[in-house]
Amino acid sequence: MLQVDAIMPFGNTHNQLKMNYSAEQEYPDLTKHNNHMAKVLTPEMYANLRDKQTPSGFTLDDVIQTGVDNPGHPFIMTVGCVAGDEETYDVFKDLLDPVIEDRHGGYKPSDKHKTDLNPDNLKGGDDLDPNYVLSSRVRTGRSIRGFCLPPHCSRGERRGIESLSVEALGALGGDLKGKYYALKDMTDDEQQQLIDDHFLFDKPVSPLLLASGMARDWPDARGIWHNNNKTFLVWVNEEDHLRVISMQKGGNMKEVFNRFCTGLTKIEELFKAKGHEFMWNEHLGYVLTCPSNLGTGLRGGVHVKLPNVSKHEKFGEILKRLRLQKRGTGGVDTAAVGGVFDISNADRLGFSEVELVQMVVDGVKLLVEMEKRLEAGQSIDGLMPEQK
Amino acid sequence: MAGSFAKVMSGRTTGLLMASLGASAVATGYLLSDTVAADEKRKLYPPSADFPDLRKHNNCMASALTPAIYAKLRDKLTPNNWSLDQCIQTGVDNPGHPFIKTVGMVAGDEESYEVFAEIFDPVIKDRHNGYDPKIMKHPTDLDASKITSGMFDENYVLSSRVRTGRSIRGLSLPPACSRAERREVERVVVQALAGLKEDLAGRYYSLTEMTEQEQQRLIDDHFLFDKPVSPLLTCAFMARDWPDARGIWHNNEKTFLIWINEEDHTRVISMEKGGNMKRVFERFCRGLKQVETLIQERGWEFMWNEHLGYVLTCPSNLGTGLRAGVHVRLPKLSKDPRFSKILDNLRLQKRGTGGVDTAAVGDTFDISNLDRLGKSEVELVQLVVDGVNYLIECEKKLEKGQDIKIPAPIQQFKK
């Protein structure tokens, strides 16, 4: 009986045997698909990439499985591929570079991404009208270099990520001091509190995530950390190693962003002190599981009352020019309730954190201005912005 | 801790270097770069670091998997490069239900049952009433002529059905197969089925090419299967690439039906309205044998061995993979408090008429055999025939106001 030692505790180590079949025989049927991967992956590209693996054993088929299993939506263009480790973006760059270019507004393989987490560089942002802006939030993700990403990591690695993160977060002090709640050890009371605070994340149900292998072993090594003030929150091992969220009621985006930058910088220092760094490079910025979150991985946004502006025929065009995006107040894929929208930056890569939050601050200020004008029965034609 | 992390980082750098050298270097240098990263990984994460947390679990895998077994098997691979973690993923992701004990693991190929025997054997024993694959032999018997009293009273039995599965030797099973392998399964089976004649002659409907009308008709006939939604199956990687290379074949008379690449390579179903179980089983055996002959003519065969019988994806379907059942009306008996015990002793199982995990509608139940392994096809079908006849006798007695008896329990299997 031929026995070969495993490459990884977990992994699609099946690749060598697929080479017994031709590329044509293995090529997925993407005729009904509408996602970035399907647009880019030609049979020739598949043939060229299919014998490759990253050092941890992540293969082309691993990258694209979610895009094969989820043909997409005629109107919504999903990404259709994920990374299993940092090296995925290099080993499979023939596929991922064009996907990134398409998804991130023409970002080229030679482009450099600027990281700027200095909150002093943000102008204004402390004066968004709280009569309209109900809450402000900034989130991003971070990956710990040397570990495989959620689609590919073994249980041992995931637990390693959790214990490193919990250790680092445990050292935070001042207004960042807080507590970790492991999903599998949570009491019923703790769970209810976290739900009431809108902090709790659940096992993914989206087939986009499930098909990529991210929900394996749930809820092992998953958890939520938040500071005692409930303004700084970290998700461990959900869609990324870490998701970092700063939020508070009202319109003081500057304070939210201050805390965001301070917290992130401190966390990074704490990791470095233990010999770890975040996945980052000067081309892709912060490296995360989904190509859509590269660069800053940043979504900065507000919940804002825009009952009049949202009904204006130019609402979509205004958002587009401001480089903003609207969602319902339940987050991605939800509808707006009662004229309250989630307005956030549309971009992630090619702009710095400060630049993106600046766009949100300036854009939301303008939208509130427009809302007030429309309330007063005035026209907003004179306020139409230029394309940013 | 920091020391060993530093080692991993250097291992990764080497790996990165290797990966960046280009396709041919990766292909030939594959083992080299792998050894460095793989060795580091293995040292950094001993099996104990990866052992799943099964404390809240209730499935056969969780009952049987010890840290010692895991440590021994974690780094092994089948010849198709299938690993233990991949076998058990579904059982880790689905802790189970306090009342329903699921199996909690699947095979990726025929060799899984051998390479990972140390975990599969106790799971098989648990699921199949103590059957020990190491020492016991499973009887295969597809001679339908042996069935006696196989015609039910059609005042009670509305329909009769027998199903099983078959796997094509040499191709990986649904959890593990690549797209090309899955397409190969489809090609091999569809080609064989095209050779069926007379009352078995029929047609294939591929899921990817089906027209709207064909789809509606198959739904109306209750033939169409859908992309699995049960997390038991999706966590076992069986729904990948859906609906590529999946399809349904049925004969023109709509009494012989084959599912391709759903939970197994093939599921074979013989069915008809009414109570002629003997004829249903006769067609079942004849169809299976003909399909087997047709694939053998082209150099293929079914996965089978004398210990496990027919090899299928889920250990619960080993042996015969056979579920023979009826839809039967039992208005009085089903309300009798002894109903469950009678079924138990007869080695029968009740389900709703929607199949597994459904509730009974009205007084009509799906009654079928519980066992799969350790008894032959003929034995199991005879058991269903005798058992259902007994249930009908009870129903008739209760109708007349007479009392019924709980039958003696049937012996599990010859040891």
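Remember, predicted model here, so these are calculated numbers, not experimental data.

Describing the domain arrangement of chain A
All names here are of chain A. By the assigned domains, chain A splits into domain 1 (25-104) and domain 2 (119-383). Centre-to-centre separation of domain 1 and domain 2, based on C-alpha positions: 26 Å. Listed per partner, the contact involves 21 residues of domain 1 and 23 residues of domain 2. For the domain 1 and domain 2 pair, buried surface summed over both sides reaches about 1,800 Å², with 65% attributable to carbon and sulfur atoms.

Things to note about the side chain of Arg-163 of chain B
Of note, Arg-163 of chain B is situated in strand 1 (residues 157-166). Asp-264 of chain B provides the closest opposite charge to the buried, unpaired Arg-163 of chain B, separated from it by 6.5 Å.

Quick word on the sheet that holds strand 10 (residues 340-345) of chain A
The strands that make up a sheet pair up through hydrogen bonds in the backbone, lying either parallel or antiparallel. All names here are of chain A. On the basis of which strands lie adjacent, the open sheet formed by eight strands has the order 2-3-4-5-1-8-10-9 and antiparallel pairing. Two strands in the sheet have a free side with no partner beyond their single neighbour: strand 2 (178-182) and strand 9 (324-327). Sheet twist, expressed as the mean angle between neighbouring strand axes with direction ignored, is 20 degrees. Pairing analysis gives four bridges linking strand 9 to strand 10, with the strands arranged antiparallel. Bridge assignment links Arg-327 to a residue of strand 10, and that residue is Asp-342.

Quick look at the pairing of strand 4 (residues 232-236) of chain A
Residue and element names in this part refer to chain A. Across the five residues that make up strand 4, a large majority, five, are buried. Side chains of strand 4 alternate between two faces, with Phe-232, Val-234 and Val-236 and Leu-233 and Trp-235 buried alike. Across four bridges, strand 3 (residues 223-227) lies against strand 4 in antiparallel orientation. Bridging across to strand 4, Ile-224 finds its partner in Trp-235. Counted along the chain from strand 3 to the antiparallel partner strand 4, the turn is four residues long, and its residue Lys-230 has a positive phi close to 60 degrees. Where strand 4 and strand 5 (residues 242-249) come together, five bridges link them in antiparallel fashion. Bridge pairing in strand 5 places Trp-235 opposite Arg-243.

Considerations on helix 8 (residues 117-127) of chain B
All names here are of chain B. Listed in full, the buried residues belonging to helix 8 are Ala-117, Ile-119, Phe-120, Asp-121, Val-123 and Ile-124. Buried positions along helix 8 lie against helix 4 (60-64), helix 5 (67-73), helix 6 (84-93) and helix 7 (112-115). The first or second residue beyond helix 8 is Asn-129, which carries a positive phi of 55 degrees.

Side note on the nonpolar core
By size, the foremost hydrophobic cluster in this structure holds 60 residues, and its most contacted members are Met-277, Phe-281, Leu-333, Ile-367 and Leu-391 of chain B. When contributions to this core are tallied by element, the ones reaching two or more residues are strand 1, helix 9 (179-193), strand 4 (256-260), helix 12 (277-297), strand 8 (323-329), helix 13 (339-345), strand 10 (364-369) and helix 14 (377-399) of chain B. The leading source of residues in this core is helix 14 of chain B, at 11 residues. For Phe-281 of chain B, the contacting residues outside a window of four places in its chain are Ala-144, Ile-147, Val-162, Leu-322, Glu-377, Val-378 and Val-381 of chain B. Counting residues in each nonpolar core, the second largest holds 59 residues, with Phe-147, Phe-232, Val-234 and Phe-278 of chain A among its members.

Section: the confidence of the model for chain B
Residue and element names in this part refer to chain B. The share of residues in chain B with pLDDT of 70 or more is 87%, and the mean pLDDT across the chain is 89. With pLDDT under 50 throughout, residues 1-35 is counted as low confidence; its partners more than four residues away or in other chains account for 45 contacts. Quick note on the complex model: pTM equals 0.88, ipTM equals 0.88.

Considering the pattern of salt bridges
Note on pairing: side chains with opposite charge can pair once their charged atoms come close. Scanning all chains against the criterion turns up 54 salt bridges over all chains. Among the salt bridges present, the one from Glu-317 of chain A reaches Arg-321 of chain A, with a minimum N-O distance of 2.8 Å. With a gap of four residues between them, Glu-317 of chain A and Arg-321 of chain A both fall in helix 12 (residues 315-322), about one helical turn apart. The partly exposed category is assigned to Glu-317 of chain A, whose relative accessible area is 30%. By relative accessible area, Arg-321 of chain A is classed as partly exposed at 25%. Here Lys-146 of chain B ties to Asp-141 of chain B by a salt bridge, and the two come within 2.7 Å at their closest N and O atoms. In this structure Lys-146 of chain B comes out as partly exposed when scored by relative accessible area, which is 46%.

Observations regarding the packing of aromatic side chains
The geometry of an aromatic ring pair is captured by two quantities: the separation of the ring centres and the angle between the planes. All names here are of chain A. Applying the stated criterion to the full structure yields 15 aromatic pairs over all chains. Relative to Trp-235, the ring of Phe-201 has its centre 5.1 Å away and its plane inclined at 50 degrees; by these criteria the two rings are tilted. Of this pair, Phe-201 sits in the loop between helix 9 (188-196) and helix 10 (207-210) while Trp-235 sits in strand 4; the two residues are 34 residues apart in sequence, bridging distant segments of the chain. Its relative accessible area of 4% is what places Phe-201 among the buried residues. Looking at Trp-235, the relative accessible area reads 16%, which means it is buried. Ring plane angle 80 degrees and centroid distance 6.3 Å describe the contact between Trp-225 and Phe-232, whose orientation is recorded as edge-to-face. Judged by its relative accessible area of 1%, Trp-225 is buried. Connected via pairs of aromatic rings, a cluster forms that spans Phe-201, Trp-218 and Trp-235.

So, how was this worked out
Residues numbered from 1 in each chain as written. Chains lettered and ligands numbered in written order. Predicted model: local features only at pLDDT ≥ 70, side-chain atom pairs only at ≥ 80, totals over all residues. Heavy atoms only, no water. Domains from an automatic or database assignment. Contact = heavy atoms within 4.5 Å. Buried area = accessible area lost by both parts, 1.4 Å probe. Helix = DSSP H or I, 4+ residues; strand = E, 2+ residues; numbered from the N terminus. Buried < 20%, exposed > 50% of the residue type's maximum accessible area, 1.4 Å probe, protein only. Lys, Arg positive; Asp, Glu negative; His and termini not counted. Salt bridge = Lys/Arg side-chain N within 4 Å of Asp/Glu carboxyl O. Pairing = 2+ DSSP bridges. Axes fitted to C-alpha atoms, helices over the stretch in contact; angles between N-to-C directions. Core = buried A, V, L, I, M, F, W, Y, C linked by side-chain atoms within 4.5 Å. pLDDT = per-residue confidence, 0-100. Phe/Tyr/Trp six-rings, centres within 6.5 Å; stacked < 30°, edge-to-face > 60°.

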